[in-house]
Amino acid sequence: LTWPAAEVLQGELGYEEDVALSNVKLAVGFAGVAAALVSHVYPAPFPQNWWVLLACCAWYFAMSGVLQVLLSYVELDAFLQLKPKTAGVPGINVASSLPRFCDRYTLALTPLPKGSLHMHSAPKFHPKTASAEGMNCLDVSVTKYFDEDGVFHEHIFGEDVTALAQGYEDKYGAGAAAKKSN
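As a convention, each chain's residues are numbered from 1 in the sequence order in which they are written. Residues qualify for local features only when their pLDDT is at least 70, as the model is predicted, and side-chain atom pairs are given and counted only at 80 or more; totals for whole chains, interfaces and linings, by contrast, use all residues. Side-chain measures were taken over the full set of non-hydrogen atoms in the model, leaving aside hydrogen atoms and water.

Asks: Give a description of the environment of Phe-152 that names residues and reports values.
Replies: Numbering of helices and strands runs from the N terminus; a helix is a DSSP stretch of H or I covering at least four residues, while a strand is a stretch of E covering at least two. Mapped onto the fold, Phe-152 is located in the loop between β4 (136-141) and α4 (154-172). Any residue under 20% of the maximum accessible area for its type is buried, any over 50% is exposed, and the rest in between are partly exposed; the area is computed with a 1.4 Å probe on protein chains only. Exposure remark for Phe-152: the relative accessible area of 25% places this residue in the partly exposed category. Residues Phe-152 and Pro-45, 107 residues apart in the sequence, show an inter-C-alpha distance of 57 Å. Setting aside chain neighbours within four positions, we find Phe-152 in contact with Leu-1, Pro-4, Tyr-145, Phe-146 and Phe-157. We call two residues in contact when some of their heavy atoms are within 4.5 Å.

Below, the structure is given as structure tokens:
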């Protein structure tokens with residue numbers, strides 16, 4: 001259900017993806033792969049280049065660790081970061097959860113005040129407490145979107161995602177910012 005949600009938010013509602021964190025992850029990944037390339041093309045034969053191989057392995061391990069930290073502790077259940085439509089309004093962090101052996105799907109829109117590079121300081125989505133924390137979230141049974149033949153009814157899901165986005169805009173958007181300043 002993540003792809004249809006992204007299609008509605010980016011396509012129908014016109015939000016633009018914030019790719020800054022994705023670019024950082026790509027750079028870190030390429031840096032790790034570069035170590036493998038260096039270890040293969042280094043001109044000295046094996047016994048003389050053991051220190052190069054050791055350094056390349058250590059660098060690859062470090063870059064893999066950085067990626068794992070980003071995925072496990074920064075992104076969590078997020079699958080999409082969106083730029084705000086207007087200046088002075090926080091961006092949107094889109095996260096979802098569908099626990100194993102459970103029919104409850106949770107889709108949440110949380111504020112991303114300083115963009116995707118500052119996700120570490122943005123509010124975190126925790127599926128079990130999202131509603132209690134006042135986050136904009138949709139918590140429904142997936143049976144609402146699938147019929148008995150397993151056909152996905154994208155228009156029903158799209159309507160719910162649009163309503164969720166409208167609730168987010170009402171809470172954090174330009175209209176809410178104007179109300180707070182008055």
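Having seen it, we continue.
Asks: Kindly report on the pairing of strand β2 (residues 91-97), identifying the contributing residues and their values.
Replies: Most of β2 sits inside the fold, with 7 of its 7 residues counted as buried. On β2, burial covers both faces: Gly-91, Asn-93, Ala-95 and Ser-97 on one face and Ile-92, Val-94 and Ser-96 on the other are all buried. Between any two strands, pairing holds if DSSP finds at least two bridges. Bridging between β2 and strand β3 (residues 104-112) involves 7 bridges; their strand directions are antiparallel. Residue pairing in the sheet places Ser-97 in a bridge with Thr-106 of β3. Taken together, β2 and the strand that follows it, β3, pair antiparallel across an intervening segment of 6 residues, in which Phe-101 is found at a positive phi of about 65°.

Asks: Give me the environment of Pro-43: which residues, what numbers.
Replies: Tracing the chain through its elements places Pro-43 in the loop between α2 (20-41) and α3 (50-75). Here Pro-43 falls in the exposed class, since its relative accessible area comes to 74%. For the pair Pro-43 and Ile-92, spaced 49 residues apart in sequence, the C-alpha to C-alpha distance is 48 Å.

Asks: Hey, could you go over α3 for me, with residue numbers and the actual values?
Replies: Its 26 residues give α3 an end-to-end C-alpha distance of 36 Å, which sits within 8% of 38 Å, the value for a rise of 1.5 Å per residue. Of all the residues in α3, the buried ones are Val-52, Cys-56, Met-63, Leu-70, Val-74 and Glu-75. Contacts made by the buried residues of α3 are with α2 and β1 (78-82). Leu-76 lies just past α3 and shows a positive phi near 55°. Here a helix's expected span is defined as the number of its residues, less one, multiplied by 1.5 Å.

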